[in-house]
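Residue-level structure breakdown
Residues per chain are reported as follows:
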Amino acid sequence: MKKLLVHFDTDAKQSVFDQITAYDAGVDHILSYGAVAVPDVRNLVYGAIFTRGGEALKNTTIFIGGSDVAKSEEVLKETTATFFGPCRVSVMLDPNGCNTTAAAAVRKIAVREEIRGKRAVVLAGTGPVGMRVAVLLALEGCQVVLTSRSEEKARLIAGRIMEQFDLTVHPVQVAGKAELDRVLTGVEIVVAAGGPGVNLLPAETWERHPTLETIADVNAVAPLGVEGIKATDDGVVRHGKVIYGYGALAIGNFKMKVHRKSVRRLFERNDLVLDTAAIYEIARALGGQE
Ligand code: NAP
């Protein structure tokens with residue numbers, strides 16, 4: 001029986017990236033729908049759950065993507081609310097790659113050493129990737145600070161993390177050099193999660209902080225998020241100090257493995273919901289050192 005992936009994209013033009021990655025994960029055929037909104041979901045899901053019964057249902061899966069994470073989350077909620085009894089298929093949520101990227105970044109850091117109890121800062125943690133990096137670091141037992149240029153925005157996202165994940169992260173405004181220095185004081189782990197081409201951390205700043213052990217940057221577009229950490233760095237010791245750097249391409253390579261493995265996992269049964277924590281478990285099983 002053919003492995004079918006039903007692709008709900010909340011954007012009008014469905015993601016080429018998500019479709020190619022699904023094929024590379026072994027999907028036979030993709031049924032892709034763009035501009036999917038909550039009112040569309042019920043009928044689309046009925047098509048997925050009423051066509052193949054019993055064991056065969058695991059050969060149909062749903063992938064939800066899009067650039068607006070909140071919209072994609074609403075679509076996920078409506079999708080799972082449409083399922084009933086055994087009439088369900090496995091679903092994965094990864095709008096803009098936020099779950100797979102965050103899982104890859106945190107796993108890269110956590111695979112090298114125990115990070116429970118460490119102090120971590122997610123710079124510009126208000127985007128979809130940064131918010132989930134903060135969630136996963138908190139799940140790993142770190143004390144997490146999430147920064148934004150706006151205190152209000154930082155508080156909003158920290159509040160959302162508490163509401164959605166029942167985890168505490170501390171919101172801090174970082175809008176200039178003095179605030180950046182203050183937030184890095186006594187910290188061991190920094191993840192830069194800013195938008196593409198946004199440098200958040202100059203080398204001369206992180207080089208001055210003696211407690212720093214690990215720096216990761218998910219931004220692959222120059223200028224990179226952290227000066228002095230190359231995009232290809234994969235646990236490279238930088239600046240003659242014991243600081244392990246992880247760049248966006250090293251994280252991205254692992255992210256691709258996590259993404260493909262997650263899609264493959266969808267076809268193992270018909271009742272999985274792969275969101276932030278479940279995708280992180282898949283990343284954990286993969287390792288992260290490669
Ligand atoms: P995003 O929403 O575009 O941006 C994250 C945060 O960056 C924003 O909330 C904003 O924070 C801050 N920011 C934006 N423009 C800024 C500016 N000019 N100056 C200072 N701060 C600025 O990012 P995302 O979608 O979460 O993605 C995060 C990063 O991951 C991006 O660089 C993306 O390209 C990258 N990414 C990498 C991979 C990979 O495989 N390596 C995969 C997916 C995404 P405040 O407004 O709160 O300050």
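First, a word on what this report is: a plain description of the structure on this page. (Residues numbered from 1 in each chain as written. Predicted model: local features only at pLDDT ≥ 70, side-chain atom pairs only at ≥ 80, totals over all residues. Heavy atoms only, no water.)

1. Here's the deal with the sheet that holds strand E2 (residues 29–33)
Let me state the cut-off plainly: Should DSSP find at least two bridges between two strands, the strands are taken to pair. Runs of E in the DSSP output that reach at least two residues are strands. Runs of H or I that reach at least four are helices, and both are numbered from the N terminus. Two residues form a contact once any of their heavy atoms are found within 4.5 Å. In this description, a line fitted to the C-alpha atoms serves as the axis of each element, helices being fitted only across the stretch in contact, and the angle between N-to-C directions of two axes falls anywhere from 0 to 180 degrees.
As summarised here, the arrangement of the five strands in space is E2-E1-E3-E4-E12, forming an open sheet in which the pairing is parallel. Of all the strands in the sheet, the pair left with one neighbour each is E2 and strand E12 (273–274). The pairing of strand E1 (residues 4–9) with strand E3 (residues 60–65) spans six bridges and is parallel. Paired with Leu 5 across the bridge in E3 is Thr 61. Helix H3 (residues 69–82) contacts E1, E3, strand E4 (90–93) and E12 of the sheet and is inclined by roughly 155° relative to E3.

2. Quick look at the pairing of strand E7 (residues 170–173)
The pairing of strand E6 (residues 143–148) with E7 spans four bridges and is parallel. Paired with Leu 146 across the strands is Pro 171, a residue of E7.

3. Quick word on the state of the cysteines
Operational definition: By definition, disulfides here are pairs of cysteine sulfur atoms that lie within 2.5 Å. Exposure is judged per residue with a 1.4 Å probe applied to protein chains only, and the accessible area is read against the type maximum: over 50% gives exposed, under 20% gives buried, and values in between give partly exposed.
Under the defined criterion, the tally for this structure stands at zero disulfides. Of all cysteine sulfurs in the structure, the one in Cys 142 sits closest to Cys 98, which takes part in no disulfide; the separation is 20 Å. Overall, the relative accessible area of 0% leaves Cys 98 in the buried class.

4. Concerning the site of the ligand
Using the following cut-off: Whether a residue is near a molecule or strand depends on its heavy atoms: if one lies within 4 Å, it is near. Pairing of N or O atoms within 3.5 Å defines a polar contact, subject to two protein rules: one partner must be a possible hydrogen donor and the other a possible acceptor, and residues neighboring in sequence count only if both atoms are side-chain atoms. Under the convention used here, a 1.4 Å probe and the Shrake-Rupley method define accessible areas, while residue burial counts only the protein chains that appear. A 1.4 Å probe that fits into a set of points on a 1 Å grid over the protein atoms alone but cannot get out defines a cavity; an open set with protein on both sides within 12 Å along at least five of seven lines defines a pocket, and lining residues are those with an atom within 4 Å of a point. Molecule-in-pocket calls rest on the fraction of atoms, with more than half required to lie within 2 Å of the cavity or pocket grid points.
In the vicinity of the ligand, 20 residues are found, and the nearest of them are Thr 126, Ser 148, Arg 149, Lys 153 and Gly 194. Within the backbone of Pro 196, one N or O atom sits 3.2 Å away from an oxygen atom of the ligand. Within the backbone of Ala 248, a nitrogen or oxygen atom sits 3.2 Å from a nitrogen atom of the ligand. Across the complex, the protein chains shield 73% of the 920 Å² of accessible surface that the ligand would expose by itself. Comparing atom positions with the cavity grids shows the ligand to sit within the largest pocket. If you list the elements that add at least two residues to the shell around the ligand, you get helix H5 (128–139) and helix H9 (248–266).

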